[in-house]
Amino acid sequence: MSENGTWQPHEITPRSAGCAATVDGLIGHLRELDLTALLTAEKALVFRGFGVEPGALDQVMDMVLPNRLAYVHGNSPRTKVGRNVYTSTEYPAQYTISMHNELSYAAHWPARLLFYCQVAAPTGGATPVVDANLWLESLDPEVRAAFAGGVCYQQNLHDGLGLGKSWQQTFETEDQAEVEEFLSGTGATWKWTADGLRVSQVRPSTTRHPVTGVEVWFNQSDQWHPAALDDEVARVMTQVMTPDELPQSVTFADGSPIPDEYVFQIRDRGLDAAINVDWRVGDLLLIDNVLVAHGRRPYTGSRRILVAMSD
């Protein structure tokens, strides 16, 4: 919390921690912390100035992510680079990624996310974060009421040739039986098609934090809605395909369409309220994935942010 009362991530440096500016210093400090209590209270933590290099990343992750998860059923394009460590996204650099809680459209989501800056962009590329309760409260009563019944997400996952991610990439397997076993525990409905797999699932639009009980905005309707797609390929897709044919789409839970102006309000107010985390090489950002939503600002040049998650 900043001095003027506006929420922002809590920054931890060697000076504030009273330890050496090294990975060993950071690990020693983490051992002394009640990390769960601190993260719940502060919602997001930035570790800066400890000189964390890629070769030491696993040591730190083992301290802060108790059960590192695979990115299964994720819709964002990523590359797996280590033991359940991924590139943060491979969405084109010139576009903003709007605010979202990771896997909020799924039946199961990670409790924590850890981001690591391996290469900082020359310009731009910040990771904006927003208090998800403040985001919820910023929305008009009309919008909140309309979403009270939840939303229905639909994915059309091709089998290796098509737009968007394949079902093999999405579920990190080539075995249809494994996919069906995973989906059977999610409440989703699915159908194998001539082109791949269609998945539909109804999810709530908000959730409550398991410790604090605070209610937060917790869905990705604006990212899944055709009106909010802002790259050229996406615009062409919406012109030549129906919503049911798109790689992903969303409606209200009863199947009725979500008005364009609702998703614009959701997207824009989340971004407007966000605080930018500007990256320096070696920085780490740990967030509570329920209390805080995140996104990405556009950038130029090279940028490499790695991410891992845990329950």
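Conventions we followed
- Residues numbered from 1 in each chain as written.
- Predicted model: local features only at pLDDT ≥ 70, side-chain atom pairs only at ≥ 80, totals over all residues.
- Heavy atoms only, no water.
- UniProt positions renumbered as here; feature names shortened; annotations may be inferred.
- Helix = DSSP H or I, 4+ residues; strand = E, 2+ residues; numbered from the N terminus.
- Buried < 20%, exposed > 50% of the residue type's maximum accessible area, 1.4 Å probe, protein only.
- Contact = heavy atoms within 4.5 Å.
- Areas by Shrake-Rupley, 256 points an atom, 1.4 Å probe, with all protein chains shown as cover.
- Pairing = 2+ DSSP bridges.
- Salt bridge = Lys/Arg side-chain N within 4 Å of Asp/Glu carboxyl O.

By the naming in an unreviewed UniProt entry, the protein is TauD/TfdA family dioxygenase, taken from Micromonospora profundi. Taken from UniProt, the Cofactor (unreviewed entry) comment for the protein reads in full: "Fe(2+)".

A.B. asks: What am I meant to see in the overall build of the protein here?
C.D. replies: Check the secondary structure of the protein and you find eleven helices and 19 strands. The principal-axis extents of the C-alpha atoms in the protein amount to approximately 60 × 45 × 40 Å. Residues counted as buried form 51% of the 311 residues belonging to the protein. Excluding contacts between residues fewer than 6 apart, the proportion of contacts in the protein whose partners are at least 24 apart in sequence is 79%. Counting every atom, the protein has about 13900 Å² of accessible surface; 50% of that belongs to carbon and sulfur.

A.B. asks: When you look at the environment of Ala126 in this model, what are you seeing that I'm missing?
C.D. replies: Tracing the sequence through the fold places Ala126 in the loop between strand S7 (123–124) and strand S8 (127–131). Overall, the relative accessible area of 4% leaves Ala126 in the buried class. Taking the C-alpha atoms as reference points, Ala126 and Met99, separated by 27 residues in sequence, lie 12 Å from one another. Among all residues touching Ala126, those that are not within four sequence positions of it are Asn276, Val277, Asp278, Trp279, Arg296, Arg297 and Arg303.

A.B. asks: Before we go on, may I ask you to explain the pairing of S8 in this structure?
C.D. replies: For a regular strand, side chains alternate in direction, first toward one face of the sheet and then toward the other. Within S8, five of the five residues are buried, which leaves the element mostly enclosed by the surrounding structure. Here S8 shows no split at all, with Thr127, Val129 and Asp131 on one side and Pro128 and Val130 on the other all buried. Sheet topology note: the S8/strand S15 (residues 275–277) ladder contains three bridges and is antiparallel. Note on S15: the bridge partner recorded for Thr127 is Val277.

A.B. asks: So what exactly am I meant to see when it comes to the pattern of salt bridges here?
C.D. replies: Opposite charge on two side chains allows them to pair when their charged atoms are near. With the rule as written, the count across this model stands at ten salt bridges. With a closest N to O distance of 3.0 Å, Asp62 and Arg83 form a salt bridge. Placement of Asp62 in helix H4 (residues 57–64) and of Arg83 in the loop between strand S3 (80–82) and strand S4 (85–87) is noted, with a sequence separation of 21 residues between them. According to the relative accessible area criterion, Asp62 is partly exposed, its value standing at 47%. In this structure, Glu172 and Lys80 form a salt bridge, with 3.5 Å as the shortest nitrogen-oxygen distance. Highlighted residues: Glu172 in the loop between helix H7 (167–171) and helix H8 (176–184) and Lys80 in strand S3, separated in sequence by 92 residues. According to the relative accessible area criterion, Lys80 is partly exposed, its value standing at 44%. Taken together, the salt bridges that share partners define one network made up of Asp58, Asp62, Arg68 and Arg83.

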